[in-house]
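# Structural features, examined
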Amino acid sequence: MLARPMTVTKSPPLPRGGATRNELKRAARRLFAERGIAAVGMREVVEAAGQRNAAAVHYYFGSKDDLLRELLIDGADLIDAGRRALFDLAEAGGPPDLRTVVRANVMPCIELAGDTGERETYFRFIVNVQNERRALFRDTVPEHSPGYARYIAHVQRLLAPLPPAIVNQRLLFAGLSLQTLLAAREAALDRSDTGDHHFWSRPEALEGMIEAVEAILTS
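Notes on the structure in this doc start here. (Residues numbered from 1 in each chain as written. Predicted model: local features only at pLDDT ≥ 70, side-chain atom pairs only at ≥ 80, totals over all residues. Heavy atoms only, no water.)

Across the interface, helix α6 (residues 118-132) lies against helix α9 (residues 164-191) with an axial gap of 8 Å and an inter-helix angle of 135 degrees. Looking at the two axes, α6 sits oblique to α9. Relative to α9, the crossing made by α6 is left-handed. On α9, the residues touching Glu-118, Arg-119, Glu-120, Thr-121, Tyr-122, Phe-123, Arg-124, Ile-126, Val-127 and Gln-130 of α6 are Gln-179, Leu-182, Ala-183, Glu-186, Ala-187 and Asp-190. When the residues that make up the contact of α6 with α9 are grouped by side-chain class, the tally is seven nonpolar, three polar and six charged. (Axes fitted to C-alpha atoms, helices over the stretch in contact; angles between N-to-C directions. Helix = DSSP H or I, 4+ residues; strand = E, 2+ residues; numbered from the N terminus. Parallel < 35°, antiparallel > 145°, perpendicular 65-115°, else oblique. Left-handed = near helix turned anticlockwise from the far one by under 90°. Contact = heavy atoms within 4.5 Å. Nonpolar A, V, L, I, M, F, W, Y, C, P; charged D, E, K, R; others polar.)

Glancing now at the packing of helix α5 (residues 98-110) against α9. The N-to-C vectors of α5 and α9 enclose an angle of 25 degrees; their axes lie 11 Å apart at closest approach. Considered as vectors, α5 and α9 are oriented roughly parallel to each other. The two elements α5 and α9 meet at a crossing, and its hand is right-handed. On α9, the residues touching Asn-105, Val-106, Cys-109 and Ile-110 of α5 are Leu-178, Leu-182 and Arg-185. Partitioned by chemical class, the residues of the contact of α5 with α9 number five nonpolar, one polar and one charged.

Any link to function would need more than the numbers given here.
In structure tokens form, the structure reads like this:
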């Protein structure tokens, strides 16, 4: 009688939203945001997350680059979902004007929320990734940003009389300025015990950010 072949049962993949995994992501993003990318070791992430297993980061994510990519994608997906929803609304009544386009680009960044503290550290984190690991950022984020591509297309449409090189320059300047403002706002709110700030929490500050981006585009 022939023996039956042994059945090998594969372990199910680790849950993306497990509690330990989320704590590691929250701790890692904060360390990367506050200290930079190269200065943070994986053992420090494990300790900051309150885990005992020194290999926890490698167990859940693989390499440091894999962890960085997941952190980038988490925030990019949240922001882009908001952008796509706002552009769907804006485009329903015909081609939107520039203020509407800028607002649809900015508001999802202001309203950022997530399960692993994206609101607390994401923009300082991506500033450091762009400064230290530009190629990784460029190779990871664009495919998760179709809403941002719609923003670019609208700006190019609205500034069409200008040479494309000038439009691209203004988009770059506006993007860098917005990123700096968002990182400054995030840091100020993060330092607050209440999550409130005398300047950055005011509606005038939000409108000022939108107006600043629009002003750079139309300068």
